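# An overview of the molecular structure
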Amino acid sequence: MTSADNSASNRYEFGANWASFIDRHYSIERRRVAGDKLLSFLGKESLEGMDFLDIGSGSGLHSLAAFDAKAERIHSFDFDPLSVRTTGKLRHLAGEPPNWTVERGDVLDVDYLEKLGTWSLVYSWGVLHHTGAMWQAIENAAHRVAPGGLFFIALYSSNVVKPSAQFWLDVKRRYNAAGPSKRRWMEYWYIWRFRLGRNPFRLPSLVKQVYEKKKGRGMSYMTDVRDWLGGWPMEFAEDQAVVDFLKERFDFELVRMSTGEACTEFLFRNANKPQSNPN
Ligand SMILES: C[S@@+](CC[C@H](N)C(=O)[O-])C[C@H]1O[C@@H](n2cnc3c(N)ncnc32)[C@H](O)[C@@H]1O
């Protein structure tokens, strides 16, 4: 594991990035793609009979996908008020369903989490490594998974990061300290160096990546670039360490794992049996 200085005092403004993503890029197609991706990783055709806790909902697109997939109850929360507002916008678009609640909340606030009870599906994609206390956040989130329930998380992986975790932690520190024009310049620098590999002939493959980003989880290329360069605080986790931690601490079994360019997605099942009703 590689840690940043866990200071959350100069957090990246995720919410502004998500608000602009939804204002500029929301579409029925992205909504459908997000739903397809969610269900395919879960290996399900719908979320009927399940409830969905979205920790760090960001844009809210994945809560909306859970709504479309017929989850019985949805609760979305995020630390950033603008993420909360943007998720609320999508809830509004869904017709303000009474079985979907959205509010501000902190995954590091144990009292808040305890009030939420347990859920048959706890989802937290790209969030827990941005809290400043990743292992505590993983533990807090895992406590919300009902016996027999599923835990779908994505974390920055130290197994795949190049050139090194330290390199990116330094870049992120500089990005967050920069003003708007320097940030824009750093976004172009990142694309030129890491996406094009300093080779203009790779432009067609960049265009393909932009398109595939949309196909991946319904996200937008530039929103993800800003999220990657800005996302702070931030830590990396070693894939096997996550699997071992959840097995030893919670008896969660790994159902599947998918390693991407930066994040590894994990699906765990809480192997503890649901308690049978004595009546
Ligand atoms: C990279 S975004 C991911 C958003 C969304 N889950 C997705 O997959 O698109 C990370 C989100 O986590 C939220 N976040 C960061 N720290 C948090 C905390 N302590 N509690 C709840 N949410 C947090 C951020 O505000 C941001 O919206």
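Counting restarts for each chain, with residues numbered from 1 along the sequence as it is written. Whole-chain, interface and lining totals are the exception, using all residues; otherwise, since this is a predicted model, local features are given only for residues with pLDDT of at least 70 and side-chain atom pairs are given and counted only at 80 or more. Hydrogens and waters are ignored; side-chain quantities use all the structure's heavy atoms.

### Things to note about the side chain of Thr 86
Heads up, the condition is: Numbered from the N terminus, helices here are DSSP runs of H or I no shorter than four residues, and strands are runs of E no shorter than two. Three labels apply to residues, based on accessible area from a 1.4 Å probe with only protein chains included: buried if under 20% of the type maximum, exposed if over 50%, partly exposed otherwise in between. Contacts were defined at the residue level, with two residues in contact if any of their heavy atoms lie within 4.5 Å.
Residue placement: Thr 86 occurs in helix α4 (residues 81-93). For Thr 86, a relative accessible area of 3% puts it in the buried group. Discounting residues that sit within four places of it in the chain, Thr 86 has contacts with Gly 15, Trp 18, Ala 19, Ile 22, Gly 58 and Ser 59.

### What about the packing of aromatic side chains?
Selection rule: Under the pairing criterion, centres of Phe, Tyr and Trp rings, with the six-membered ring standing for Trp, must be within 6.5 Å; the plane angle then separates stacked pairs below 30 degrees from edge-to-face pairs above 60, leaving the rest tilted. The rule is short: NZ of Lys or CZ of Arg within 6 Å of the ring centre and within 35 degrees of the ring normal puts a charge over the ring.
The final tally for this structure, using the stated rule, is 21 aromatic pairs. When the centroid spacing of 5.7 Å and the interplanar angle of 80 degrees are considered together, the rings of Trp 189 and Phe 194 count as edge-to-face. Each residue in the set Tyr 156, Phe 167, Trp 168, Trp 189, Tyr 190, Phe 194, Trp 228 and Phe 236 is aromatic and connected to the rest through ring pairs, giving one cluster. Taking NZ or CZ as reference, Lys 172 lies 5.1 Å from the ring centre of Trp 228, over its face.

### Structural notes on helix α10 (residues 221-230)
For α10, the tally of buried residues reaches 8 of 10 residues, placing the bulk of the element in the interior. Within the span of α10, buried status applies to Tyr 221, Thr 223, Val 225, Arg 226, Asp 227, Trp 228, Leu 229 and Gly 230.

### Comments concerning the nonpolar core
As a reminder, the rule being used: What we call a nonpolar core is a set of buried Ala, Val, Leu, Ile, Met, Phe, Trp, Tyr and Cys residues that are connected through their side-chain atoms within 4.5 Å. Domain ranges listed in this record stem from an automatic or a database domain assignment.
Of all hydrophobic cores here, the largest spans 50 residues; its most connected members are Leu 38, Leu 47, Phe 52 and Phe 236. Two domains each put at least three residues into this core: domain 1 (14-159 + 234-270) and domain 2 (165-230). Dropping the residues within four chain positions of it, Leu 38 is found in contact with Leu 47, Phe 52, His 62, Ala 65, Ala 66, Tyr 123 and Phe 152. Ranked by size, the runner-up nonpolar core spans 29 residues in total, among them Leu 113, Ala 141, Phe 266 and Phe 268.

### So, the site of the ligand
Selection rule: By convention in this text, a residue qualifies as near a molecule or strand provided that one of its non-hydrogen atoms is within 4 Å of it. N or O atoms within 3.5 Å of each other form a polar contact, as long as, within protein, one can give a hydrogen and the other can take it, and as long as residues adjacent in sequence are counted only when both atoms are side-chain atoms. Using the Shrake-Rupley algorithm and a 1.4 Å probe, accessible areas are obtained, with residue cover drawn only from the displayed protein chains. Residues are grouped as follows: nonpolar covers Ala, Val, Leu, Ile, Met, Phe, Trp, Tyr, Cys and Pro; charged covers Asp, Glu, Lys and Arg; every other residue, Gly included, is treated as polar.
The ligand sits among 21 residues. The nearest are Gly 56, Asp 78, Asp 106, Trp 125 and Arg 217. Between the ligand and Asp 78, the relevant distance is 2.6 Å, taken from an oxygen atom to a side-chain nitrogen or oxygen of the residue. One nitrogen or oxygen atom from the main chain of Trp 125 is found 2.9 Å from a nitrogen atom belonging to the ligand. In isolation the ligand has 600 Å² of accessible area, and contact with the protein removes 97% of it. Of the residues in the shell around the ligand, the class split is 6 nonpolar, 9 polar and 6 charged.

### Quick notes on the domain arrangement of the protein
The accessible area lost on association of the parts is a frequent measure of interface size. The following threshold applies: As used here, buried area is the combined drop in accessible area, with a 1.4 Å probe, of two parts when they are placed together. Just to be clear on terms, a salt bridge is a Lys or Arg side-chain nitrogen sitting within 4 Å of an Asp or Glu carboxyl oxygen.
Splitting the protein by domain gives domain 1 (14-159 + 234-270) and domain 2 (165-230). Distance between the C-alpha centres of domain 1 and domain 2: 23 Å. At the boundary of domain 1 with domain 2, total buried surface from both sides reaches about 1700 Å², with 59% on carbon and sulfur atoms. Counting every contact that joins domain 1 to domain 2 gives 0 salt bridges. One can count 1 residue pair in polar contact (both at pLDDT 80 or more) joining domain 1 with domain 2. Among the secondary structure elements, those contributing two or more residues to the side of domain 1 that touches domain 2 are α1 (14-25), α2 (28-42), α3 (61-68) and β4 (119-125). Among the residues making up the side of domain 1 that touches domain 2, the classes are represented as 12 nonpolar, 5 polar and 5 charged.

### Examining helix α8 (residues 180-195)
Quick note on the threshold: By definition here, a helix of n residues has an expected span of 1.5 Å times n minus one. In this description, one arc is meant: the one made by directions from the helix axis to the C-beta atoms.
Helix length check: α8, at 16 residues, gives a terminal C-alpha distance of 21 Å against a target of 22 Å (1.5 Å per residue), a fit within 8%. Turning to α8, its buried residues are Arg 183, Met 186, Glu 187, Tyr 190, Ile 191 and Arg 195. Across the axial projection of α8, the buried residues extend over an arc of 135 degrees, all falling on one side. Those residues of α8 that are exposed and angled more than 90 degrees off the buried face are Ser 181, Trp 185 and Tyr 188. Backbone geometry just downstream of α8 places Gly 197 in the positive-phi region, at approximately 55 degrees.

### Structural notes on the sheet that holds strand β3 (residues 100-104)
Counted only if it meets this: Strands pair, by our definition, only if DSSP identifies at least two bridges between them. Axis angles are defined between N-to-C directions and span 0 to 180 degrees, where every axis is a line fitted to C-alpha atoms and, for a helix, only to the segment in contact.
The strand order β3-β2-β1-β4-β5-β7-β6 describes an open sheet built from 7 strands, whose pairing is mixed. In this open sheet, the two edge strands, each paired with only one partner strand, are β3 and β6 (252-259). Within this sheet the neighbouring strands show an average axis-to-axis angle of 15 degrees, counted without direction. Pairing between strand β1 (residues 51-55) and strand β2 (residues 73-78): 5 bridges, direction parallel. Residue Asp 54 lies in a different strand from β2, and its bridge partner there is Ser 76. Lying on the sheet, helix α6 (residues 134-142) is in contact with β1, β4, β5 (145-156) and β6; it crosses β5 at an angle near 150 degrees.

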